[in-house]
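# Structural overview
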Amino acid sequence: QIYRDVVADPKKYGPQATQIVQQARAADEPEAVVHALRAQAWFERSHLGNERAKTLLDDAARIARRHGFDHLAMQCLVLLGVIAGTSGDLRTMRVVSTEALAAVSDHGWGSSTWSAAASAMLGYAALLRSDAHEAGSLSADALAQGPVVLSPPLRFSLRTVRGAAAFAKPAGEPDARP
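Quick caveat, the model's predicted, so the values are computed rather than measured. (Residues numbered from 1 in each chain as written. Predicted model: local features only at pLDDT ≥ 70, side-chain atom pairs only at ≥ 80, totals over all residues. Heavy atoms only, no water.)

### With respect to helix α5 (residues 70-86)
Helix length check: α5 (17 residues) gives 24 Å between terminal C-alpha atoms against 24 Å at 1.5 Å per residue, within 8%. A large share of α5 lies buried, amounting to 13 of its 17 residues. Just beyond α5, the residue with positive phi is Gly 88, at close to 90°. (Helix = DSSP H or I, 4+ residues; strand = E, 2+ residues; numbered from the N terminus. Expected span 1.5 Å × (residues − 1). Buried < 20%, exposed > 50% of the residue type's maximum accessible area, 1.4 Å probe, protein only.)

### A look at the side chain of Arg 155
Its place among the elements puts Arg 155 in helix α9 (residues 152-168). No salt bridge forms around the buried Arg 155; measuring N to O, its nearest opposite-charge neighbour Asp 141 is 16 Å away. At 2.8 Å, the side chain of Arg 155 and the backbone oxygen of Leu 150 are in polar contact. Apart from residues no more than four positions distant in its own chain, Arg 155 is found in contact with Leu 143, Pro 147 and Leu 150. (Lys, Arg positive; Asp, Glu negative; His and termini not counted. Salt bridge = Lys/Arg side-chain N within 4 Å of Asp/Glu carboxyl O. Polar contact = N/O pair within 3.5 Å; in protein donor to acceptor, adjacent residues only side chain to side chain. Contact = heavy atoms within 4.5 Å.)

### A few points about the packing of aromatic side chains
Applying the stated criterion across every chain yields a total of 1 aromatic pair. Positioned over the ring face of Tyr 3 is Arg 38, at 4.3 Å from the centre of the ring. In this structure, Arg 45 packs its charged tip against the face of Trp 42, placed 4.2 Å from the ring centre. (Phe/Tyr/Trp six-rings, centres within 6.5 Å; stacked < 30°, edge-to-face > 60°. Lys NZ or Arg CZ within 6 Å of the ring centre and 35° of its normal.)

### Description of helix α6 (residues 90-107)
In this model α6 runs 26 Å from its N-terminal to its C-terminal C-alpha over 18 residues, within 8% of the 26 Å that 1.5 Å per residue would give. Within α6, the full set of buried residues consists of Met 93, Val 96, Ser 97, Ala 100, Ala 103 and Val 104. Along the axis of α6, the buried positions cluster into a sector of 115°, meaning they face one direction only. More than 90 degrees from the buried face of α6, the exposed residues found are Arg 91, Ser 105 and Asp 106. Those residues of α6 that are buried lie in contact with α5 and α7 (113-128). Immediately downstream of α6, the backbone of Gly 108 shows phi near 65°, a positive value. (Arc of directions from axis to C-beta.)

### Focus: the pattern of salt bridges
Overall, the coordinates contain 6 salt bridges when judged by the stated rule. Note that Arg 65 and Glu 99 form a salt bridge whose closest N and O atoms lie 2.6 Å from each other. Of this pair, Arg 65 sits in helix α4 (residues 50-66) while Glu 99 sits in helix α6, and the two are 34 residues apart along the sequence. Each of Arg 25, Asp 59 and Arg 62 takes part in a single network of salt bridges with overlapping partners.

Encoded structure:
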């Protein structure tokens, strides 16, 4: 819950995330620590503390993996990819987004907002590598999940990548999807 609260109102709930991390560590509750670290990272991001946010998410992903919380680890990787991409760390964005999608595939979790966000980051990375076909394919697949799964900002991001990919394709090259 603290993560959703921080996303909704970082100013109000962000400071609580730090306290919850400390309390969860003291209580030796690793799942609570991971959730609270995600919230604290998003709070740091809201204050342009991207490097601190990346450190917190790395820690959260490490704890999640160690305790077998694979779905939480994947979520941490997606958030890390978003923060890395928006702060210009494109290599990290690509590596962790690829790892997140691999986890989705390996566990058979199917399509979700999390996998669509990772696809958006990878589509953006493909555009930066001048791979319009890959960018178009990734964004088209994620958009096919439909509006029930995708938030308006995520849908907008995916459509932007898809449009840029279509614009960047050489004349006569087909779209990723008909």
